[in-house]
Every structure is written in C-alpha cells, then in structure tokens.
Amino acid sequence: MNDCIFCRIVDGRIPSEKLFENDRVLAILDINPVAPGHALVLTKAHHELVTDLPADLLAEWIARTQEIARAVVKAASAEGFNLLSNNHKCSGQAIPHVHFHVIPRRTGDGIKFAWVPVKYPEGEMGAWAEKIRKAMG
Ligand code: AMP
Ligand code: ZN
C-alpha cells in the first residue's frame, strides 16, 4: 500500500479541501498556509520530481495550475502570486509527490523566501552557462 500523503489525498483516504479535480490533476488547500488561499496543485499519478513527468502530464498540470492561480488571486484579492515547486528533500520538498504551491501575494505582506543572492566570481558565469547548455545536449 502506497503511504504517500498526496496519493492518499488523491484516493480519498486522507480528507482535503478540494479546489479542482479532473482525471489527472487535483488542487487542494495547503493545510499549513503561508497565506490564506495557499493552494497545492498535484498530479494524481505519483511522480516525485518535475523532471520525472511525461510531457503530456506536465502540460496538463501547468495548464490547470494557471487556472488555479487566476482563481486564487481573484478569491484572495491578491496582486500577484508565487508559483513554487520544491524538488527533492535537499530543496525543502517534504512530500515526494510532485506539486506546485500557489501562494497569493500582496505588496507589503511580509512573506519572505529565505535565499541569499550572491555574485559569480569573475569569469565563472559564462562557464556555468556553457556547462548547462552542454548538459542539455
Ligand atoms: P513541500 O515542502 O513542497 O513538499 O510542501 C508540502 C506541503 O504540503 C506543505 O506546505 C504542507 O503544509 C502541505 N501538507 C502536508 N500535509 C497536508 C495535508 N494533509 N493536506 C494539505 N496540505 C498538506
Ligand atoms: Zn504520491
């Protein structure tokens, strides 16, 4: 038996506040929101990472996420939103089942994502770009 929390929400073994569902995607309210209206958009099938998704499911998931984001912004009278997907434990992914966070935002709401931007050491930015372009081959 799959003990993934989101799989259990998808099949109804754990209750959730559903916002939308079709045959491949489910959107629910996050139980511990960063802001009221914070939504999660899950694929119904269990995949851990965005990079694991087949292209057709990825397209469906993102299209439904866009609709949910519009609805969250409207319902929360927000000015904007963050769209966030943690991938792997090292990134903060607590539930290894692919999902987008949709977080409604307003100027001055005080929500902070704790990352500290730095500069590339001299000459390293181009080398990084080249490394990634090569990895795409
Ligand atoms: P992540 O760290 O990206 O894996 O985020 C997982 C999110 O799932 C967190 O924001 C949790 O608050 C949320 N969460 C955990 N359990 C539930 C649940 N039973 N119903 C709704 N959201 C949940
Ligand atoms: Zn799962």
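Residues numbered from 1 in each chain as written. Chains lettered and ligands numbered in written order. Predicted model: local features only at pLDDT ≥ 70, side-chain atom pairs only at ≥ 80, totals over all residues. Heavy atoms only, no water.

For the rest of this paragraph, the subject is a nonpolar patch on the surface. A cluster of nonpolar side chains, Tyr120, Met125, Trp128, Ile132 and Met136, forms an exposed patch at the surface whose accessible area comes to about 610 Å². Inspection of the secondary structure assignment puts Met125 in helix 3 (residues 124–136). On the basis of relative accessibility, which here comes to 57%, the residue Met125 falls in the exposed class. (Patch = residues over 30% accessible without salt bridge, like charges linked within 9 Å, V, L, I, M, F, W, Y side chains within 5 Å. Areas by Shrake-Rupley, 256 points an atom, 1.4 Å probe, with all protein chains shown as cover. Salt bridge = Lys/Arg side-chain N within 4 Å of Asp/Glu carboxyl O. Helix = DSSP H or I, 4+ residues; strand = E, 2+ residues; numbered from the N terminus. Buried < 20%, exposed > 50% of the residue type's maximum accessible area, 1.4 Å probe, protein only.)

One pass over the full model with this rule turns up 10 salt bridges. Residue Asp109 is joined to Arg105 by a salt bridge in which the shortest nitrogen-to-oxygen separation is 2.7 Å. Since its relative accessible area comes to 19%, Arg105 is described here as buried. Residue Glu130 is joined to Arg133 by a salt bridge in which the shortest nitrogen-to-oxygen separation is 3.0 Å. Of this pair, Glu130 and Arg133 both sit in helix 3, separated by three residues, roughly a single helical turn. What emerges from the salt-bridge pattern is a single network uniting Arg24, Asp56, Glu60, Arg64 and Glu67.

Moving on to the site of ligand 1. Neighbouring residues of ligand 1: 15 residues in total, closest Asp30, Gly92, Ala94, His99 and His101. Between ligand 1 and Asp30, the relevant distance is 2.5 Å, taken from an oxygen atom to a side-chain nitrogen or oxygen of the residue. Contact between ligand 1 and Gly92: an oxygen atom at 2.8 Å from a main-chain N or O atom of the residue. Out of a free accessible area of 510 Å², ligand 1 has 83% covered by protein chains. Listed by contribution, the elements that provide at least two residues to the shell around ligand 1 are helix 1 (5–10), strand 2 (25–29) and strand 5 (99–105). Here the residues of the shell around ligand 1 are counted per class, giving eight nonpolar, six polar and one charged. (Near = heavy atom within 4 Å. Polar contact = N/O pair within 3.5 Å; in protein donor to acceptor, adjacent residues only side chain to side chain. Nonpolar A, V, L, I, M, F, W, Y, C, P; charged D, E, K, R; others polar.)

This brings us to the environment of Val72. Counting through the fold element by element, Val72 comes out in helix 2 (residues 55–75). For the pair formed by Val72 and Asp52, sequence separation is 20 residues and the distance between their alpha carbons is 27 Å. Setting aside chain neighbours within four positions, we find Val72 in contact with Gly37, Ala39, Val102 and Pro104. (Contact = heavy atoms within 4.5 Å.)

Below, the discussion takes up the coordination of the zinc ion (ligand 2). With distances of 2.0 to 2.3 Å, the protein atoms coordinating the zinc ion (ligand 2) are Cys4 (SG), Cys7 (SG), His46 (ND1) and His97 (ND1). Here the zinc ion (ligand 2) binds four donor atoms, and the angle range of 106 to 119 degrees at the metal identifies the geometry as tetrahedral. Positions of the donor residues of the zinc ion (ligand 2), expressed as sequence spacing, correspond to C-x2-C-x38-H-x50-H. Of this pair, His46 sits in the loop between strand 3 (39–43) and helix 2 while His97 sits in the loop between strand 4 (80–84) and strand 5, and the two are 51 residues apart along the sequence. (Donors = N, O, S within 2.8 Å, 3.2 Å for Na, K, Ca; no water. Tetrahedral: all angles 85-135°; square planar, octahedral: opposite > 155°, others 65-115°.)

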